[in-house]
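In case you want the letters, here they are:
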Amino acid sequence: MHTPSGRRTRVLAATTATAGLVLVAAAASGCTSTGNGGSGSKTAAGGVRLVKAGQLTTCTHLPYPPFQSEIDGKVQGFDVSLVDLVAKDLGVKQAIVDTPFENFKTGAFLNSGQCDLAAAGMTITAERKKNVDFSDPYFNATQAVLVDKKSGIDSLADVKAKGKKLGAQAQTTGEDYVKKQGYDPVSFESSDAVLNGLRTGQVQAVVIDYPVVQGWLKDKANAARFKTVDNINTGEQYGFTVKKGNTKLRAAINKALADAKADGTYKKLYEKWIGPYDAAAASPSAS
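Residues numbered from 1 in each chain as written. Predicted model: local features only at pLDDT ≥ 70, side-chain atom pairs only at ≥ 80, totals over all residues. Heavy atoms only, no water.

## Some points on the overall build of the protein chain
When you go through the protein chain residue by residue, the secondary structure sums to twelve helices and 13 strands. By residue count, 51% of the 287 residues in the protein chain fall in the buried class. Within the protein chain, residue pairs in contact and separated by at least 24 positions form 71% of the contacts whose partners lie at least 6 positions apart. For the protein chain, the exposed area adds up to about 12200 Å²; of that, 50% sits on carbon and sulfur atoms. (Helix = DSSP H or I, 4+ residues; strand = E, 2+ residues; numbered from the N terminus. Buried < 20%, exposed > 50% of the residue type's maximum accessible area, 1.4 Å probe, protein only. Contact = heavy atoms within 4.5 Å. Areas by Shrake-Rupley, 256 points an atom, 1.4 Å probe, with all protein chains shown as cover.)

## As for the confidence of the model for the protein chain
Model confidence for the protein chain is summarised by a mean pLDDT of 84, while 83% of its residues fall at 70 or above. In this model residues 1-22 is a low-confidence stretch, pLDDT under 50, and it forms 61 contacts with partners more than four residues away in sequence or in other chains. (pLDDT = per-residue confidence, 0-100.)

## Here we look at the state of the cysteines
Scanning all chains against the criterion turns up one disulfide. Sulfur-sulfur distance for the disulfide between Cys-59 and Cys-115 comes to 2.1 Å. In this structure the cystine formed by Cys-59 and Cys-115 twists about its S-S bond by roughly 70 degrees; its chirality is therefore right-handed. Taken as a pair, Cys-59 in strand β2 (residues 55-60) and Cys-115 in the loop between α3 (108-111) and β6 (117-118) lie far apart in primary sequence, 56 residues in all. Across the pair, Cys-115 and Cys-59 agree in class, each one buried. (Disulfide = S-S within 2.5 Å.)

## Quick look at the packing of aromatic side chains
Taken as a whole, this structure holds 13 aromatic pairs when the rule is applied. Their ring planes at 45 degrees and their centres at 6.4 Å tell us that Phe-78 and Tyr-138 sit as a pair that is tilted. A residue pair is termed long-range when its members are at least 10 positions apart, and Phe-78 in helix α1 (residues 78-90) and Tyr-138 in the loop between β7 (132-134) and β8 (139-148) qualify at 60 residues. According to the relative accessible area criterion, Phe-78 is buried, its value standing at 0%. In this structure Tyr-138 comes out as buried when scored by relative accessible area, which is 0%. Aromatic ring contacts, followed pair by pair, group Tyr-64, Phe-67, Phe-78, Tyr-138, Phe-139, Tyr-238, Phe-240, Tyr-266 and Tyr-270 into a single cluster. The ring of Tyr-183 has Lys-160 sitting right over it, with the charged end atom 4.3 Å from the ring centre. Above the plane of the ring of Tyr-266 lies Lys-261, whose end atom (NZ or CZ) is 5.1 Å from the centre. (Phe/Tyr/Trp six-rings, centres within 6.5 Å; stacked < 30°, edge-to-face > 60°. Lys NZ or Arg CZ within 6 Å of the ring centre and 35° of its normal.)

Here is the structure:
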């Protein structure tokens, strides 16, 4: 993912932040009390320290459906719903800050105290672990190759063999993967831009996380024009990130994820946002 060239200016919440517009998640409100530490306290349940009293501040990068995107004026999605569970356990509400994706690799907004955690459909990698601490993995992600049905492409290999153009989202593991396979993909700054590139013929095929493609193909017009020709298991797992050494918040996230899987909440959210429940994708082991 990358920052869209035109940052939105429409205010969706009562507050803003210097690096991006603050968006209040579906469950968020203007509450300023933690519910257990008194008004103005930055300590939530379990002794978790927050960057802003009364809320769990989440950095993300929009749009990235079905994990997070703006729907009816609210930021919603699978990641948002899972982090709402963490916020509930902490006795606060979630608020979301839209930020450039490249900062997730460095942990810049976590280190600067702008956000408590980052949630952006983010793959756990050894490189990223150097700068941030990951939660337990919560989703197994594969890379899909989506093509125009008229392109004559039936596999990723066909893209190269038939001299077609391949698109990918900048700064993502999908882009990294195809580059390692010897491709020179056209880079797009957001998932929306990737799809638009395919629609307008800038590229004839794209590689991106499979759940994103699933979401696109729910639209009948997209399903009529495009098809998936490859689903590549790259061993990727998604995780949420916290600042290095923030063990209490990391533990709170892991507990919320484990509880959601145990009581069926995870399955319900998966079916709502991703599609038919896939136990293999939904129950990755801790790394």
